[in-house]
Amino acid sequence: MNIVIASLLLYGAVIVLGRIAWRRHDGSFQHSLDLAKVQARLVAPRIFFAVLGAGFIAALVPPELVAAVIGHDTGTLGLVIASIIGAITPGGPMLAFAVGSAALEVGGGTPQIVAFVTAWGLYNVNRTMVWEMPIVGRRATLQRLAVALPVPILLGLAAGEIARLAAVLG
Amino acid sequence: MPDHPRAGRRPKGDVGLLVVALVAITAGALCYVLRGPEVFFATFGDDLRLLLSILPKVLAGVLLSGLLTVLLPQDKVARWMGARSGLRGLVLAGLAGALLPGGPMMAFPLTVALGVAGADIGTATAFIAGWSLLNLNRTLVWEMSFFAHDFVYLRYGLSLLVPVLLGLAARLIFARSKAKGSAAENEARNESGAE
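Just so we're clear, the structure is a prediction, and the values are computed from it rather than from any experiment.

Side note on the packing of aromatic side chains
Then comes step 1: Within this structure, the stated rule accounts for 11 aromatic pairs over all chains.
Then comes step 2: Plain terms: the ring middles of Phe48 of chain A and Phe49 of chain A are 5.3 Å apart, the flat faces sit at 75° to each other, and that makes the pair edge-to-face.
Then comes step 3: When its relative accessible area of 34% is taken as the criterion, Phe48 of chain A is described as partly exposed.
Then comes step 4: With 4.4 Å between their ring centres and 25° between their planes, Phe147 of chain B and Phe151 of chain B make a pair best called stacked.
Then comes step 5: Cluster of aromatic residues (ring-pair linked, three or more members): Phe56 of chain A together with Tyr32, Phe40, Phe41 and Phe44 of chain B.
Then comes step 6: A cation sits over an aromatic face here: Arg138 of chain B above Trp131 of chain B, 5.2 Å from the ring centre.

Below is the structure:
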């Protein structure tokens, strides 16, 4: 059901924007199709290997280990560890999300995975070194990182509070 | 590397793919050897099913990102946003980060363009945070494909205010950029005065 809604939203947006581009009659439509093709070629092999890799890793890693390191009961230390793992996870969103969802399935706690995804987004080391530092500059990058530092932990703590509240109410 | 920032538009490019492929193949081989063929093929089947279910969304995602790239030219967005400041500038920057499609090769050059157009460290921070935590394209295509939707709503909801808060924090802490920010404010005032 939910997956249908997400797809409808996506394709609805594609149709609306596609119409706007089409009506311009200036090659915008064709240009965006070309861009989409380039991106699809870039992304397709990555998704393939990311999904396979995450699946196999989930089958390999003992669930008890995942639960012990980043499970529900690991508290703030688990949040810190999950944030560090998020920071050092290389690659694009498919790999990070594949790893995160696999970890959830084999015993990772929701707050910990919220911290993982947030840290991957805010201060992924690989992306910061390869893209942000050289393009944006060292100083601005470090300033941004400094204010972002506690956010994954804070969001993880908030997620934990919400889960606790939901458990009490539910 | 910092000496020639623009050298090589895709510095990691296929090295990234190579790493992901190597990890997948190694994990697959280990899985076959350590867990046995049965687990290997069961996992492989699950993965293929997941891939099939993701496929239509990925197609929509690349179409959407192509369309948005053409319809919202980066230089225009940068010029338009760079001149706004104050709280409104932060909200708009976070929003732009959430809406504009594209990977780091889009986001970081656009951040530079924002700075050139007069944005301060707060706006830049809000933009990058919006892009990295709230990007709609990424969430609709990737995050919702992999995670249960409850999880996505929780994470996304918790992150909603983060770009503005981080932008405010960056603005308050790093005073040097405050001067720049007020310069942008003056510009914005002049602009609105001219209207």
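What to know about helix 4 (residues 75-88) of chain A
Residue and element names in this part refer to chain A.
Then comes step 1: The terminal C-alpha atoms of helix 4, which comprises 14 residues, lie 20 Å apart, in line with the 20 Å expected from a rise of 1.5 Å per residue.
Then comes step 2: Looking only at helix 4, the buried set comprises Gly78, Leu79, Ala82, Ser83, Gly86 and Ala87.
Then comes step 3: Buried residues in helix 4 make contact with helix 3 (63-70), helix 6 (110-123), helix 7 (125-136) and helix 9 (151-169).

Some thoughts on the interface of chain B and chain A
Then comes step 1: Contact residues are listed per partner, giving 79 residues for chain B and 74 residues for chain A.
Then comes step 2: Summed over both sides, the interface between chain B and chain A buries roughly 6900 Å², with carbon and sulfur atoms accounting for 82% of that surface.
Then comes step 3: Counting across the interface, chain B meets chain A through 0 salt bridges.
Then comes step 4: Where chain B packs against chain A, one counts 5 residue pairs in polar contact (both at pLDDT 80 or more).
Then comes step 5: Only helix 1 (13-71), helix 4 (104-116), helix 5 (121-134), helix 6 (136-146), helix 7 (149-159) and helix 8 (162-173) of chain B provide two or more residues apiece to the side of chain B that touches chain A.
Then comes step 6: By residue number, the principal contributor to the side of chain B that touches chain A is helix 1 of chain B, which donates 38 residues.
Then comes step 7: A breakdown of the residues in the side of chain B that touches chain A according to their chemical character gives 56 nonpolar, 12 polar and 11 charged.

Section: the confidence of the model for chain B
Residue and element names in this part refer to chain B.
Then comes step 1: Here chain B shows a mean pLDDT of 81. Residues at 70 or above account for 82%.
Then comes step 2: Low pLDDT, under 50, characterises residues 1-12; the stretch is placed with 16 contacts to residues that sit more than four places away or in other chains.
Then comes step 3: Across residues 177-195, confidence stays below pLDDT 50; counting only partners more than four residues off in sequence or on other chains, it has 15 contacts.
Then comes step 4: What the predictor reports for the complex is a pTM of 0.79 with an ipTM of 0.83.

Overview of the packing of helix 8 (residues 138-148) of chain A against helix 5 of chain B
Then comes step 1: At a minimum axis distance of 10 Å, the contact between helix 8 of chain A and helix 5 of chain B shows a crossing angle of 65°. Here helix 8 of chain A runs over helix 5 of chain B; the crossing is right-handed. On the side of helix 8 of chain A, the interface is formed by Ala140, Gln143, Arg144 and Val147 of chain A, while helix 5 of chain B contributes Ile121, Thr125 and Ile128 of chain B.
Then comes step 2: Split into classes, the residues belonging to the contact of helix 8 of chain A with helix 5 of chain B amount to 4 nonpolar, 2 polar and 1 charged.

Remarks on the environment of Val152 of chain B
All names here are of chain B.
Then comes step 1: Looking at where Val152 falls in the secondary structure, it is placed in helix 7.
Then comes step 2: With a relative accessible area of 1%, Val152 lands in the buried category.
Then comes step 3: Residues Val152 and Gly36, 116 residues apart in the sequence, show an inter-C-alpha distance of 34 Å.

Rules and cut-offs
- Residues numbered from 1 in each chain as written.
- Chains lettered and ligands numbered in written order.
- Predicted model: local features only at pLDDT ≥ 70, side-chain atom pairs only at ≥ 80, totals over all residues.
- Heavy atoms only, no water.
- Phe/Tyr/Trp six-rings, centres within 6.5 Å; stacked < 30°, edge-to-face > 60°.
- Buried < 20%, exposed > 50% of the residue type's maximum accessible area, 1.4 Å probe, protein only.
- Lys NZ or Arg CZ within 6 Å of the ring centre and 35° of its normal.
- Helix = DSSP H or I, 4+ residues; strand = E, 2+ residues; numbered from the N terminus.
- Expected span 1.5 Å × (residues − 1).
- Contact = heavy atoms within 4.5 Å.
- Buried area = accessible area lost by both parts, 1.4 Å probe.
- Salt bridge = Lys/Arg side-chain N within 4 Å of Asp/Glu carboxyl O.
- Polar contact = N/O pair within 3.5 Å; in protein donor to acceptor, adjacent residues only side chain to side chain.
- Nonpolar A, V, L, I, M, F, W, Y, C, P; charged D, E, K, R; others polar.
- pLDDT = per-residue confidence, 0-100.
- Axes fitted to C-alpha atoms, helices over the stretch in contact; angles between N-to-C directions.
- Left-handed = near helix turned anticlockwise from the far one by under 90°.

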